[in-house]
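# Structural description and commentary
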Amino acid sequence: MDSYELFKEDVKSIAEAFSRIDRNETIRLISHLDADGISAASLMIKCLNNDNRKYSITIVQQLNKEVLTEVAKEPYKTVVFTDIGAGVANSIKEILKGKTVFILDHHEPEAVDMKEESILMANPHKFGIDGGLEISGAGVVYLFASCLDEKIKEFAHIAIIGAIGDLQENNGFSKLNNEILNEAISGGKIKIIRGLRLFGAQTKPLYRVLEYCTDPYIPGVTGSESGSIQFLYSIGINPKNGSSWKKIGHLDNEEMKKLVTGVIMKRLNEDKPDDVLGNVYLLRGEEHESPTKDAREFATLLNACGRLGKASLGIGACLGDKKIKEKAIHSMDSYKKEIVNAIKWFEGNKENEFVIKGDGFVIINAQHMVMHTIIGTLASILSKSNSFKENTFIMSMARLVDGNTKVSLRISGRKKDFDLKQVIDSIVYGIENCEAGGHANAAGAQIPSEKEEEVIEKAKEVLGKFAMEEKVL
Ligand SMILES: [Mn+2]
């Protein structure tokens, strides 16, 4: 058997163990707060609903000792973690001793003695499969649920939304995601077309779509209303249709060509200027003009719900509840505004004391001026924006209300062979009460706010050193 078959066999045996759990038990479900985590939770809930099981769910941004200690005190005997948990397997083992724990995750697992029978972990990394690229947390839950419930196939598209949310789509998917995608296509859930990858393209005025377009980033246009309107005039497109704003659907062929060329021209200095064109994954079950028609936008919607503390709206949207979906769409609009505000804040403050620039790195300390749930998104956007040289570390920080600070680490350009998780680990190493997590291409930490200065000093040293080594290589 190859590693893929071994992985699927392992998932199957874990699913079988799950099916033996007493039906009267209430299952404790904990999932991650991002789009993938919400997709994963939705699939798990669908599976539990179909099986008439009782459950209690919480969505968390980080799985720290505090959360685990709370869960340990609860009466539930079985705990299921989705899209989270692998990185803290040892803490789970220690703190949740006596409970049966299922970890359905695609994050790199912490080395842990898995002979411990009460912890069952479904994870591609166990079989040498790259969970960062090949399958999402929602994908792992999908495989798990498929072993228990044939009907979950009707929700294959949710696993794809999760994978898109975790940036696993790059003009197509790799093996495991691709298998799930094919199930979604043959089940009539997804249709792929080739087109402009612009957020909100279906529903919003064109100038807004461009202003709010952060991936791909359009220099001089993203984050600027006037920049966007001027850009349209400069390429010969009137942003208005009489008295109302033009939408992308109103453009004729000629204008569409102008727009595509114009955006590519604006992006000539970027890594991949023509990244505006790509696969668009349309959800067949969604209405034509709905912002949830495009799987990429659906992922953004879920992210928005999570980041704004309204994950349950995201779950409702995944499960197909129309009223909840409406509310989720409202949340997305305010989330987009928050992101644009964060970009504006950065643009207005990049020359002052909030932004420290070093050789090969930049440290942004937004304190209370950017939401802590959005600070990582800001770093991601900047990493793709060509604001910094290729391979510049971007570390961003923002405060929570509870005396902690969220730290995010990204690297500019699209280099994949650099392990940011390892870098953040070395930054917080030895500093008390800091917890790091994440992937090779997006990592972060939570630190006590009073340790900000210490962490920044250490980061200057560590990032400077890594950046130097990078140059030598
Ligand atoms: Mn994930």
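Now for the overall build of the protein chain. A count of helices and strands for the protein chain gives 16 helices and 15 strands. Relative to the 2.2 N^0.38 estimate, which gives 23 Å for 473 residues, the radius of gyration of the protein chain is 22 Å and therefore close to what a compact globule would have. Seen through its principal axes, the protein chain has C-alpha atoms that stretch 65 × 55 × 40 Å. Of all 473 residues assigned to the protein chain, the portion counted as buried reaches 56%. Residue pairs at least 24 apart in sequence account for 62% of intrachain contacts in the protein chain once pairs closer than 6 positions are excluded. Here the protein chain has roughly 20500 Å² of accessible surface; of this, 48% comes from carbon and sulfur atoms. Side chains of the protein chain give 61 positive and 68 negative charges; the mean places of these two sets differ by 5 Å.

Within the protein, the manganese ion binds to Asp36 (OD), Asp83 (OD), His106 (NE2) and Asp166 (OD); these donor distances fall in the range 2.1 to 2.3 Å. Linear spacing of the donor residues for the manganese ion on their chain is D-x46-D-x22-H-x59-D. A residue pair is termed long-range when its members are at least 10 positions apart, and aspartate 36 in helix α2 (residues 35-50) and histidine 106 in the loop between β4 (100-104) and β5 (119-122) qualify at 70 residues. For aspartate 36, a relative accessible area of 0% puts it in the buried group.

This part covers the nonpolar core. One recurring pattern in soluble globular proteins: nonpolar side chains tend to sit buried together. Of all hydrophobic cores here, the largest spans 89 residues; its most connected members are Phe18, Leu43 and Met44. With sequence-adjacent residues up to four places away left out, phenylalanine 18 is seen in contact with Ile27, Met44, Leu48, Arg53, Val80, Phe102, Phe144 and Leu148. Formed by 26 residues, the second largest nonpolar core is a distinct cluster that contains Ile427, Ile431, Val462 and Ala467.

On to the sheet that holds strand β1 (residues 26-32). On the basis of which strands lie adjacent, the open sheet formed by five strands has the order β2-β1-β3-β4-β5 and parallel pairing. Each having just a single partner strand, β2 (54-60) and β5 make up the two edges of the open sheet. Each strand axis lies, on average, 15 degrees off the axis of its neighbour in the sheet, ignoring direction. Pairing of β1 with strand β3 (residues 78-82) involves five bridges; the strand directions are parallel. Across the sheet, the residue bridging to leucine 29 is valine 80, located in β3.

Here helix α1 (residues 3-19) crosses helix α5 (residues 137-148) at 60 degrees, and the two axes come no closer than 8 Å. As far as their axial angle goes, α5 and α1 are oblique. As α1 runs across α5, the sense of the crossing is right-handed. Where α1 approaches α5, its residues Phe7, Val11, Lys12, Ile14, Ala15, Phe18 and Ser19 are matched on the opposing element by Val140, Leu143, Phe144, Cys147 and Leu148. Classifying every residue of the contact of α1 with α5 gives 10 nonpolar, one polar and one charged.

This part covers the domain arrangement of the protein chain. By the assigned domains, the protein chain splits into domain 1 (3-164), domain 2 (194-344) and domain 3 (350-472). If you average the C-alpha positions of domain 1 and of domain 2, the two centres end up 32 Å apart. With 17 residues of domain 1 in contact, the opposing surface of domain 2 contributes 15 residues. With both sides pooled, the region where domain 1 packs onto domain 2 buries about 1400 Å², and carbon together with sulfur makes up 82% of that total. Counting the contacts that link domain 1 with domain 2 gives zero salt bridges.

This next bit is on the side chain of glutamate 286. Mapped onto the fold, glutamate 286 is located in the loop between β9 (277-283) and α11 (295-307). Polar side-chain contacts of glutamate 286 include one of 2.6 Å to the side chain of threonine 292. At a separation of 2.9 Å, a polar atom in the side chain of glutamate 286 contacts the side chain of lysine 325. Residues contacting glutamate 286, with those up to four places away along its chain left out, are Thr292, Lys293, Phe298 and Lys325.

Rules of the game
- Residues numbered from 1 in each chain as written.
- Predicted model: local features only at pLDDT ≥ 70, side-chain atom pairs only at ≥ 80, totals over all residues.
- Heavy atoms only, no water.
- Helix = DSSP H or I, 4+ residues; strand = E, 2+ residues; numbered from the N terminus.
- Rg over C-alpha atoms; globule rule 2.2 N^0.38 Å.
- Buried < 20%, exposed > 50% of the residue type's maximum accessible area, 1.4 Å probe, protein only.
- Contact = heavy atoms within 4.5 Å.
- Areas by Shrake-Rupley, 256 points an atom, 1.4 Å probe, with all protein chains shown as cover.
- Lys, Arg positive; Asp, Glu negative; His and termini not counted.
- Charge placed at Lys NZ, Arg CZ, Asp CG, Glu CD.
- Donors = N, O, S within 2.8 Å, 3.2 Å for Na, K, Ca; no water.
- Core = buried A, V, L, I, M, F, W, Y, C linked by side-chain atoms within 4.5 Å.
- Pairing = 2+ DSSP bridges.
- Axes fitted to C-alpha atoms, helices over the stretch in contact; angles between N-to-C directions.
- Parallel < 35°, antiparallel > 145°, perpendicular 65-115°, else oblique.
- Left-handed = near helix turned anticlockwise from the far one by under 90°.
- Nonpolar A, V, L, I, M, F, W, Y, C, P; charged D, E, K, R; others polar.
- Domains from an automatic or database assignment.
- Buried area = accessible area lost by both parts, 1.4 Å probe.
- Salt bridge = Lys/Arg side-chain N within 4 Å of Asp/Glu carboxyl O.
- Polar contact = N/O pair within 3.5 Å; in protein donor to acceptor, adjacent residues only side chain to side chain.

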